[in-house]
Each structure stands twice: as C-alpha cells, then as structure tokens.
Amino acid sequence: MPRPLPDAQRPWCCGDAAALARRHDGGPPDKERPNVFGPAATASDNPAGPGRRGPPWLAVGDLNAFFALLLDNVVNLVMLTAILVFQFGMPAAFILTRMVPGTALGVMVGDLAYSWMAARRGRAMTAMPLGLDTPSTLGMALIVIGPVYAQSGDPYVAWEVGMATLVLMGVVKVVLAFFGDAVQRWIPQAGLLGPLAGIGLALLGLFPVVRIFSAPVAGLVAVGIVLYALVAGHRLPWRLPGALAAVVVGVLLYRVLGLLGWQVIPVHETAAAIGWHPPYPEFGRVLAGLPGALDYLPVSIPFGLLTIIGGINVTASARAAGDAYRTRDILLVEAGATLVAGLFGGVAQSTPYIGHPAYKAMGAKAGYTMATGLVVGIGGMLGLLGVVIDVVPEVAVAPILMFVGIAITVQAFAATPRRHLPAVAFSILPVLAYVVTIFTGQLIGAGATPHAALAAELDALTLVGRGFILTAMLWGAAVAFLVDRRALAVLGAFAALAAFSVFGVIHSVDPVGGIYLPWDVPEGRPWTFAAAYLATGLLLAGLCAFGPSGPGPDQTPTKDASAPDFPGASG
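Residues numbered from 1 in each chain as written. Predicted model: local features only at pLDDT ≥ 70, side-chain atom pairs only at ≥ 80, totals over all residues. Heavy atoms only, no water.

Engineer: How should I be thinking about empty space enclosed by the protein in this particular structure?
Structural biologist: If you roll a probe as big as a water molecule over the atoms, it shows you where there is empty space left. Tallied over the full model, the rule gives two cavities of 30 Å³ or more. Residue assignment for the lining of the largest cavity shows that the elements contributing at least two residues are helix 2 (61–87), helix 8 (206–212) and helix 17 (394–414). Residue classes in the lining of the largest cavity are distributed as 10 nonpolar, one polar and two charged. Within this model, the second largest cavity holds a volume of roughly 30 Å³. Taken together, V78, A82, F86, I389, V392, E394 and V397 form the lining of the second largest cavity. Contributing elements (two or more residues each) for the lining of the second largest cavity: helix 2 and helix 17. No other element matches the three residues that helix 2 contributes to the lining of the second largest cavity. Classifying every residue of the lining of the second largest cavity by side-chain character gives six nonpolar, no polar and one charged. (1 Å grid on protein atoms, 1.4 Å probe; cavity = no way out; pocket = protein on both sides within 12 Å on 5 of 7 lines; lining within 4 Å. Points joined across faces, edges and corners; volume = space filled by probe spheres on them. Helix = DSSP H or I, 4+ residues; strand = E, 2+ residues; numbered from the N terminus. Nonpolar A, V, L, I, M, F, W, Y, C, P; charged D, E, K, R; others polar.)

Following this line, the structure appears as structure tokens:
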C-alpha cells in the first residue's frame, strides 16, 4: 500500500473544494492553526461516551463535519447547474428535476454505505467522507452534456448521453477497483495530473473569466476577495471564510447595482422546480444514450481512473489516522454509488474526499456522512437547489470556480516530481486545442467561413482536441518515461497512442468526433496517425535503450539552486 501523500501533494481528483479552501483560509500553518470548526470531541462530549446514552456512531463532532461536507456537495451541484444553464442555455427546471435527483441519490447511497462501514466496526471509527468529484462534475458539464445539448438542442439527448457516460465511468471504476494500485504504479503522476492542470487552466479558468466580466464590478470585487483569502492565503477580518465572503459580497453588489439600474438582472424560474422529484430507473434512456457515450470514452476512462487513484490515496490517509479501511471496499462503494447515480438519471460521479483526518480531528464518527447523504439526497429530490441558484448569480460563483481551476493546476505541478514538470506542461496542450475548437466551432456553426489556410489549421486543432483527456494523459506519461529513460515504457505509451488513434478514440476524423473501425474510413488518416506514433515511439525507445548516456550539448549546466532540475533546463 502506498504511503499517503502530504496534503500539498495529494491529487486534486477527490473533490473536497472546501477542504482545499480551508487550507488556504489565511490562518497560521497547520501546526499552529486553531481548530476553526470548534474543539475536537472527547469521550465526555460524545453522546455515546461513558455515562451517556446514544448510538456509538454519533458524536458532537459530527455537527461541524456535517456542515463542511454538505458545503462541498452543494457547491458542486450549483456549479454543475450554473454551467449548463448559463453557459449552454439548458432549461434549469429540466436539470433540477431530471439530472440533480439521480446525482444526489448517488451521493446519498455512497455516504450511507460509508456510514454503515464505520458504524459496524465500532465507536472509534470515523466514516470516510464522500461527495461529488469536482473536476469530473465540471468536466461532464463542459465536455459532455453541454456540447451534446449545443449540438442537438434537445435536453433529453444530452441527459441520455450524460447518464450513459456516467454508467460507463462506473463500470470502469468497478474494474479498476481491483487494479487501482497497479494502475497507480504504471502511470506516472505527470500523466495522471497533467490533464487536470489543462482542465484547470483552460476550462475552469477561462470560462469563469468570461462570466466575471459580464458584470465586472461584482465579479472583479469577488475575484479580489478570492485572490486575497484563498490564493494568497491571508486572513479576512473576523476570520470570515474566503469563499463565503466572496459569494456574499458578489451577490450584494450584483443585486444593488441591479436595483440602481446599472445592470440588467435576468429573471430565473428555477425555484419553480420545488416539488417532489424522486429518481426512477432510466435503463431505456441509458441504452439510448450509449452510442453517443461511446464517443466520450476518452473522457469517462481517465475521470474514472483519477477517482480510483484518489480513493487509494485517501484510504491510505485514513489508515494513517487510525481507521484501517480495506481499500477495495472503499473503491467498490464509490464505483457502486456512481453506477446507481447513472442508472437513476444522475450525471456526475461521486468519490471519497480528501480530509478524513480533519473530520476525525473534529471528533466526527459516522453521523456526519449519514446526515450529509440524507440532506443532499432528499434536498436534491425536492428541487431545493433551485432556490440557491435564484439567489446566487453566476458572477458570484464564477470566482470560486476560477479558484478551483487555479488550485487544480497548482496541485498538478506540486504533486509531480520536478524532473517531470515538462511532462505536465506538454500534457496541457491537447486541452488548449480543445478550448480553441469550442469557440471556432461555434463561429463556423453560425456561418463563418475561414480561408483555406486557416481552415487547415483549425482542422488540425480539432483533431488534437478530440479525446484530449486521454491524449493528454498518454502524452504526459510518455514524456515522463522519456525523462527517466524507460525504453519499454516509452514504446508502450506511443503504442497505446497509435492504437487509440486508429479507432478514433483520440484524433477522430469523424465529422462529429465519433469512434470507428479504421477500414470503414474512406481516407487513410487514422493509419497515418498510428504510423507516426509508432515511428516516434520506436525512435525514442531505441535512443533510450542504446543511445549514449549523460547530458547532451543542448543542456546547459547551472549552479543556480533555484533553477528547475529537469533535463535540458538552462540557468
């Protein structure tokens, strides 16, 4: 079992935006920081402790832990809904009554299962926290559901593809739960986290900026608070939480300026979705969306893989804190919760969160996960999220989303060995290509006609951007293997790129980016991509195996201790 990574190096694939924000709340270093959630519960505080009556799985510390875990999940649900409504124009009522209930059900099932696992093992156990995975929740909105809706104009089609993609993600997680440790050993950290860095910069960073400048006064002031409290790490007056302060100030400025007539406040009707909307099995719709979901295998496989590896790390972290859960059990629960969500209409996967030791330090047992699961699940089925969206405009949430993107990017570089930093940077390029094609595709769809040279360049960018997450992961892995002179691993990475490109999993030449059998494609471009990758892999593997060792003439030695220590760095 791998040792748990330090907080600054754990993969940011495990959700827990609030936990990361708390690490940047401007307080003193961890060894000196007071417990802002209140004192940890002791035996005398525990309702189940000596001289007290009550269930052994419930403690006073569960209250603070409940609010922290609940905030994480609500923020993710708000961001998912806001992106689909404000970025892609999907009907809010449809999202709140069709997509959110099943998504919330997955969280409820996972948290209740973790509560049961902790309660059955005794009163000393703290339940593993579970919630919506932040990167893949936002990625599903930006990469899968939103683009499908923009292309089809039918929310049911987008919903079906989203459900089917989530089910495929769950299947991947079930399989990988038995091989998670091996996958973590096979793929270097740069290949796993590099795609997240690209998503953080290009998707979670750029799109919020557009929203912020739609109402610049409220948006930029909220950004300033986020930068001061969360990014720079300074303490706000009265120890106000930075994320909460940014949202509140953004909302107040937005509403006041609207009352003064300085900006137009759109009228939302999302609160009209309040009612009882229980999720039902949607097997027929999942099957209907499966053909479209197959085109997004390059999305579902890496996202499922990242949460599995994150689950391995957080289980090791819990073991170090004194709660020895079986890794396979933790991973299978998160995989099962994801499958339940997808089969019942959900569109976002759940995952165990970073932060179990913090919840244990609060004195929490299993009550906080049970309460979070029930509140998120029942609240999602009642449509209560619509009230939050009506009150909180997108410009007030966008700075938090931008911070998530910054944090993901920083985490990707911080958790990667310095010699592999070029691999992280190289893996960002396919994500940038995808972002460019989002805007150019909208322009061409609206009737823009680029000249021949520009059209050829846009076509190349489109090919690079298709399957960008899997491309980025393998590009990053290949460069990391190259830095380490692992000849067979380099060849394996390029062989995988060749195989995926032949079938259109990456670099699809299909007009809509679908996968195919290469002999059904009239032109030979898939074979060209495969040949290029194989030739490059053979060349580099040969050089690694038989080439001279030592630095080449392009590497400039340096005595500057602050300079990067990857090959080729110059002082």
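Engineer: Explain the pattern of salt bridges to me, please; I cannot follow it from the model alone.
Structural biologist: It is possible for side chains of opposite charge to pair when their charged atoms get near one another. Overall, the coordinates contain six salt bridges when judged by the stated rule. The partner of R285 in a salt bridge is E160, with the nearest N and O atoms 2.8 Å apart. One end of the pair, R285, is in helix 11 (residues 283–294); the other, E160, is in helix 5 (residues 155–176), with 125 residues separating them in the sequence. Connected through salt bridges with shared partners, the residues E160, E282 and R285 form a single ionic network. (Salt bridge = Lys/Arg side-chain N within 4 Å of Asp/Glu carboxyl O.)

Engineer: Sorry, what's going on with the packing of helix 9 (residues 216–231) against helix 10 (residues 242–259) here?
Structural biologist: Between two packed helices, the angle of one axis relative to the other and the distance separating the axes together describe the packing. Axis separation between helix 9 and helix 10 bottoms out at 8 Å; the angle between their running directions is 165°. By the angle between their directions, the pair helix 9 and helix 10 is classed as roughly antiparallel. You can see that helix 9 and helix 10 cross each other, and the crossing is right-handed. Contact residues: V217, A218, V221, A222, I225, V226, A229 and L230 in helix 9; G242, A243, A245, A246, V249, G250, L253, Y254 and L257 in helix 10. (Axes fitted to C-alpha atoms, helices over the stretch in contact; angles between N-to-C directions. Parallel < 35°, antiparallel > 145°, perpendicular 65-115°, else oblique. Left-handed = near helix turned anticlockwise from the far one by under 90°. Contact = heavy atoms within 4.5 Å.)

Engineer: Could you clarify how one ought to interpret the side chain of S501 in this entry?
Structural biologist: In this fold, S501 is placed in helix 21 (residues 487–502). When residues no more than four places from it in sequence are discounted, the contact partners of S501 are I506, H507, Y516, P526, F529, A530 and Y533.

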